Amino acid sequence: MAIVERLRKKFRELYGQEPIVVAAPGRVNLIGEHTDYNEGFVLPGAVDKRMYVAIAAVSEPAITIYANQFKESFTFNPEESLQPVSGWMNYLLGVTHHIKAAGKTVGGAQVLIDGDIPVGAGMSSSAALCSAYGFALNELFNLGLSRMELAFIGQKTEHTFVGVKCGIMDQFASLHGKKGHVMKLDCRSLEYEYIPFDFPDHKIVLVNSMVTHSLAGSEYNVRRQQCEEGVSIIRKSYPAIKSLRDVKLEMLQQHQHDMSSVVFDRCWYVVTEEERLISGCDALQHGDLDTFGKLMIATHNGLSKQYAVSCTQLDFLAERAGFIEGVVGSRMMGGGFGGCTINIVHTEMVDSFREKIQKSFEGLFKVTPEVYVTQIEDGTHVVNSEVFS
Ligand code: GLA
């Protein structure tokens, strides 16, 4: 049975009324990794794996949430001051808190959450949850928040309730996705452009390393600090510089001996990734997937060696993919430390790619990596009669 129908049925069983259902997608990012919090560009697209929030209002000031994936429920009073706890509830508490902080009134509600985005796989299940829940409250209580405001609410939730100092890419992508298009987002000005991903002969295929990552408390925040450290050193000679977005390779090289080799490597990766993104967009717009694939491989090498956010399993997957027929490019995707590789694979070779990559990974790591053949879909929306399977 389709997931939305299952959700509606479960909601009726739990709460005895009809909900509004909101779907928010996870995302892929074609190129431009760890550039968002450096005020650079990213190139994400929303995918056909989603978090769903079913919601209906109640008169008393209580929000009751049942998370179907965890079989757990949680109730809080939205009128009270909300503090972080632990676990998945933090996303809901954080979004409610930041909606209130934006001057909006949140009433009582019954909520049911479910989804098919693998958790910890680098596909932004947490951003999708925040987007779905924020969007659902916005609809239910007519709060008048824009998609961009909801994206910032999700990001602030990660910063303040979860402890991950993430950029804006994931929340933005989940809320602004457009079927068949990736989004070139300028993370400084927040201007964005939809670029068609129109390659019928190719698929975007994710391979899950099965190493689940949590960015909270991880090296993710350390990377951000290292980038800021590099900027503060370069700024001594170039006071106009605000972030790595403004730094050219020559400036960085000029200051190589003023910073640790680790900080230099981190900055080197980010500055070159900016260049790769610009070349990558150009290649996509000219239908040149071969060039794009080479850039993906260079991104993986940078993420693995200079930025040091990969892991053995991801390195293996990216390298092995390079030897499989029909693969145009492969790299680790997202924050890192686990999660998926993103691969562009010739449509006719997808089945043999799946078979080969699973077999060789199993041989080495004794676990079968999940493979997701994705479609680029629309961003967060209310689900009416349409049914996703
Ligand atoms: C995570 C973060 C994003 C971004 C990516 C890396 O997904 O949430 O903001 O920094 O990592 O590109």
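Everything below is about the structure shown above.
Described below are features of the structure shown in this document. (Residues numbered from 1 in each chain as written. Predicted model: local features only at pLDDT ≥ 70, side-chain atom pairs only at ≥ 80, totals over all residues. Heavy atoms only, no water.)

Taken together, the six strands give an open sheet; going across it, the order is β5-β4-β6-β3-β1-β13, and neighbouring strands pair in mixed fashion. Because the sheet does not close on itself, it has two edges, and the strands there are β5 (72–76) and β13 (381–382). Of the pairings in the sheet, the one linking strand β4 (residues 63–67) to strand β6 (residues 108–115) comprises five bridges and is parallel in character. Within β6, the residue paired with Ala67 across the bridge is Ile113. Taken strand by strand, helix α2 (residues 89–101) contacts β4, β5 and β6, and its axis lies near 25 degrees from that of β5. The strands touched by helix α5 (residues 169–176) within the sheet are β1 (20–29) and β3 (44–58), with β1 carrying the most contacts at an inclination of about 125 degrees. (Pairing = 2+ DSSP bridges. Helix = DSSP H or I, 4+ residues; strand = E, 2+ residues; numbered from the N terminus. Contact = heavy atoms within 4.5 Å. Axes fitted to C-alpha atoms, helices over the stretch in contact; angles between N-to-C directions.)

Moving on, we get to the nonpolar core. Judged by nonpolar contacts, the single largest core of 76 residues is most densely connected at Leu43 and Phe292. Broken down by element, this core gets its largest block of residues, eight residues, from helix α3 (residues 125–140). With residues up to four places along the chain from it excluded, the contact list for Leu43 reads Asn29, Leu30, Ile31, Val182, Met183, Lys184, Ile195, Leu277, Cys281, Leu284 and Phe292. Ranked by size, the runner-up nonpolar core spans 27 residues in total, among them Leu244, Met259, Tyr307 and Val309. (Core = buried A, V, L, I, M, F, W, Y, C linked by side-chain atoms within 4.5 Å. Buried < 20%, exposed > 50% of the residue type's maximum accessible area, 1.4 Å probe, protein only.)

A few words on the environment of Asp246. The topology assignment puts Asp246 in the loop between α6 (219–235) and α7 (249–254). Ignoring sequence-local partners within four residues, the contact set of Asp246 consists of Arg188, Ala240, Ile241 and Met251. Looking at Asp246, its side chain comes within polar contact range of the main-chain nitrogen of Lys242, at 2.8 Å. (Polar contact = N/O pair within 3.5 Å; in protein donor to acceptor, adjacent residues only side chain to side chain.)

In this section: the environment of Ser360. Inspection of the secondary structure puts Ser360 in helix α11 (residues 350–365). What Ser360 contacts, discounting residues up to four positions off in sequence, is Phe316 and Arg320. Of the polar contacts made by the side chain of Ser360, one reaches the side chain of Arg320; its length is 2.9 Å.

As a further point, take the site of the ligand. Near the ligand you find 13 residues, and of these Glu33, His34, Asp36, Asp170 and Tyr220 are the closest. One of the side-chain nitrogen or oxygen atoms of Arg27 is found 3.0 Å away from an oxygen atom of the ligand. For the ligand, an oxygen atom lies 2.7 Å from a polar atom in the backbone of His34. Placement of the ligand is best described as lying within the largest pocket. In terms of residue class, the shell around the ligand is built from five nonpolar, four polar and four charged. (Near = heavy atom within 4 Å. 1 Å grid on protein atoms, 1.4 Å probe; cavity = no way out; pocket = protein on both sides within 12 Å on 5 of 7 lines; lining within 4 Å. Sits in = over half its atoms within 2 Å of the grid points. Nonpolar A, V, L, I, M, F, W, Y, C, P; charged D, E, K, R; others polar.)

Before going further, it helps to examine the sheet that holds strand β9 (residues 202–208). If you trace the four strands from one edge of the open sheet to the other, you get β10-β11-β9-β12, paired in antiparallel fashion. What marks the edges here is a single partner per strand, and that holds for β10 (327–332) and β12 (371–374). The average angle at which neighbouring strand axes cross in this sheet is 20 degrees, direction not considered. Here β9 runs beside strand β11 (residues 340–346); their pairing, made up of seven bridges, is antiparallel.

Looking now at the packing of aromatic side chains. Within this structure, the stated rule accounts for twelve aromatic pairs. Relative to Tyr220, the ring of Tyr37 has its centre 5.4 Å away and its plane inclined at 70 degrees; by these criteria the two rings are edge-to-face. Of this pair, Tyr37 sits in the loop between β1 and β2 (41–42) while Tyr220 sits in helix α6, and the two are 183 residues apart along the sequence. By relative accessible area, which is 9% here, Tyr37 ends up buried. (Phe/Tyr/Trp six-rings, centres within 6.5 Å; stacked < 30°, edge-to-face > 60°.)

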